[in-house]
Amino acid sequence: MTPNAAPLSIQPIDPPKRVFGFESVPLRVRVARKREDASAPSGNAPAAGPLKGAIDLYTSEGAFYRRLLEIPLPKGIAPGAEQEFETPMYVRAFEGAYDVKIKLFNDAGVAAESAPFPLRVRNTIFDAFVELVNACNFRCTFCPQTDLQRKQKPMEFDLAMKIVRELAEMEHHYPIRVHLMGEPLLYPRFFDFVEQTHALGQRVLLATNGSRFQRDRVQKIFDSRLDEMVISLNTPEREAYDAQRGTDMPYETYMEGIEHMVAGIVRRGPPPATRVNVLYDLAKVNDPAELERVRVIIQYWVDVVRRVGGAVLPDAADVVTLDPTGTTLLKLCEGLELQWTPYHGWGVNATGGAGEASAIRNHVPLAPVSREAFCSFPWRQLAFLVDGNATACCVDAEGEIVLGNAYKQRVDEIWNGTELTKLRAGFMQSRAFHPVCIKCHIRHDKKEFFPN
């Protein structure tokens, strides 16, 4: 039986016409069964056998692109009846014109298929970086800040607000990250920036080394209603702190400030929603000594949360498995998580520990990287450095990938501009053309983003 002759019909209700890629949007669907359905059992009961719905994405030329969703229908449908239901539709696609079809399946195959409806997908900037200041009071061995060649200075406040205003005009809706290099809490007008960014309907994500958590500044952070924060604790043990952080701030003073900040979050709750980051050596992800280190650090912060908030938390007796493919999160209380991430070499070596990251900065030769590559960052990231230059990559510490300049261009002109289009075109051919991209070890699966 062809879909058009089937007793079932399916159609979208006021479907969206324009969406951002890699985001979820609600879709309402109406399913109806003809009254004269001879396949239905007696008594007008719902038809036997499960029904399953699917949402498929096609290119504007009619080629199948990918299946977005596959779900069972909430309940059977009796002859002559219809039902409506809403489902989230996660549109896994980058910029382009597409068609969407909704299908119903039963044990016999396709039972119904909607007419296609057009969908325009836009690229959104998931990670917008505004580097308020590229100076830092630490010189960590695992960070390019140690030998940064760019002049270290703050971004002009008017420029920072121009960028935020133009992001808002582009309907940007992810927290703006106020770093690339540098310690953002060194920025003289940091709290003015947060206030005016909020006034434009935007959110702020602060990544900080945690050295500026004096009591008056902690109170200002809470008063500012800062949205999100990552505390780069990174080296919670004294030995690692002394060896890797490159600062004369005493370890006890540093830890006291971070504990004071964390205690405030435990008492008050978010905002800011906070993650305390700890680094580990990816090569030791299954090493018993490293897992024991994980347990000790977890127990330390569990005890802090218990002491401050009286929370009932389990002991860190069980081994926490670290995810070697990404970030491991452990919730401590509402708005507070421990975050574990591996040391990385800022694109030069994505698997090394602190020693290897240091070797990279000291120009130890590495194996050449193939130009055969795909990177999704040009579709997902845009970073503005203190001088207004824009780069497509969060690990381009020196700002060598120059896409344009915010003093001379609007954010949307850079986002849709010639230089970024060239980068995207190169990666669409699975080729890295820019010298920074050629030497970079970061690689993504092209089929995850472009299945065809």
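Residues numbered from 1 in each chain as written. Predicted model: local features only at pLDDT ≥ 70, side-chain atom pairs only at ≥ 80, totals over all residues. Heavy atoms only, no water.

Some points on the overall build of the chain
Inclusion rule: Only runs of H or I of at least four residues qualify as helices and only runs of E of at least two qualify as strands under DSSP, and these elements are numbered from the N terminus. Residue exposure (1.4 Å probe, protein chains only): buried if accessible area is under 20% of the type maximum, exposed if over 50%, otherwise partly exposed. Here, two residues are considered to be in contact whenever any of their heavy atoms come within 4.5 Å of each other. Here the Shrake-Rupley method, with its probe set to 1.4 Å, supplies the accessible areas, and only the displayed protein chains count as covering residues.
Secondary structure summary: the chain contains twelve helices and 19 strands in total. When each of the 452 residues of the chain is scored for burial, the buried share is 53%. The long-range share in the chain, meaning contacts at least 24 apart out of those at least 6 apart in sequence, stands at 69%. Taken as a whole, the chain presents about 21,000 Å² of accessible surface, with 52% of it coming from carbon and sulfur.

Overview of the packing of aromatic side chains
For any two aromatic rings, the description comes down to two numbers: the centre-to-centre distance and the angle of the planes. Counted only if it meets this: Each pair of aromatic rings taken from Phe, Tyr and Trp, with Trp reduced to its six-membered ring, is defined by centres within 6.5 Å and is described as stacked if the planes are under 30 degrees apart, edge-to-face if over 60, and tilted in the remaining cases. A ring is considered to have a charge above it if a Lys NZ or an Arg CZ atom is located within 6 Å of its centre and within 35 degrees of its normal.
Per the counting criterion, the structure on display carries 20 aromatic pairs. Aromatic rings pair up to connect F22, F94, F374, W379, F427, F449 and F450 into one cluster. Above the ring of Y58, the side-chain terminus of K101 is found at 4.8 Å from the ring centroid. It is R189 that lies over the ring of F157; its NZ or CZ is 3.7 Å from the centre.

Considerations on unusual backbone geometry
Phi is mostly negative for residues that are not glycine, and the peptide bonds are mostly trans. Backbone torsion omega between P270 and P271 reads 5 degrees, so that peptide bond is classified as cis. As for its placement among the helices and strands, P271 is situated in the loop between α5 (251–268) and β14 (273–280). Between P271 and the following residue, P272, the backbone shows a cis peptide bond with an omega angle of 0 degrees. Its place among the elements puts P272 in the loop between α5 and β14. Positive phi values are uncommon outside glycine, yet D14 reaches one of about 45 degrees. Following the sequence through the fold, D14 ends up in the loop between β1 (8–13) and β2 (18–20). You can call D14 exposed: its relative accessible area is 72%. A positive phi is found at N234, a non-glycine position, where the angle reads about 60 degrees. Structurally, the position occupied by N234 is in strand β13 (residues 228–234).

A closer look at the side chain of D227
Defined as follows: Definition of a polar contact: a pair of N or O atoms within 3.5 Å, with one able to donate and the other able to accept a hydrogen when the atoms are protein atoms, and with sequence-neighbouring residues admitted only if both atoms are side-chain atoms.
As for its position among the elements, D227 is in the loop between α3 (215–224) and β13. One polar contact links the side chain of D227 to the main-chain amide nitrogen of V204, over a distance of 2.9 Å. If sequence neighbours within four positions are ignored, D227 has contacts with H198, R203, V204, P271, P272 and A273.

A closer look at the confidence of the model for the chain
The test is simple: Each residue carries a pLDDT score, the predictor's confidence in it, ranging from 0 to 100.
Residues of the chain with pLDDT of at least 70 account for 87%, and the chain-wide mean is 86. Confidence over residues 1–5 falls short of pLDDT 50; this stretch has six contacts with residues more than four positions distant or in other chains. In the model, residues 41–49 has pLDDT below 50 throughout and makes twelve contacts with residues more than four positions away in sequence or in other chains.

Thoughts on the packing of α5 against helix α6 (residues 288–309)
Just so we agree on the cut-off: Axes here mean lines fitted to C-alpha atoms, for a helix over just the part in contact, with angles spanning 0 to 180 degrees between N-to-C directions. In what follows, roughly perpendicular refers to angles from 65 to 115 degrees, roughly parallel to angles under 35, roughly antiparallel to angles over 145, and oblique to any angle outside these ranges. A crossing counts as left-handed when the near helix is turned anticlockwise from the far one by less than a right angle, and as right-handed when that turn is clockwise. Under the convention adopted here, Pro, Cys and the residues Ala, Val, Leu, Ile, Met, Phe, Trp and Tyr are nonpolar, Asp, Glu, Lys and Arg are charged, and Gly plus all remaining residues are polar.
In contact at an axis separation of 9 Å, α5 and α6 are set at 55 degrees when each is read in the N-to-C sense. As judged from the angle between their axes, α5 and α6 are oblique. Handedness of the α5/α6 crossing: right-handed. Touching M255, I258, E259, V262, A263, V266 and R267 of α5 are Y300, W301, V304, V305, R307, V308 and G309, all from α6. For the contact of α5 with α6, the per-class residue count stands at ten nonpolar, one polar and three charged.

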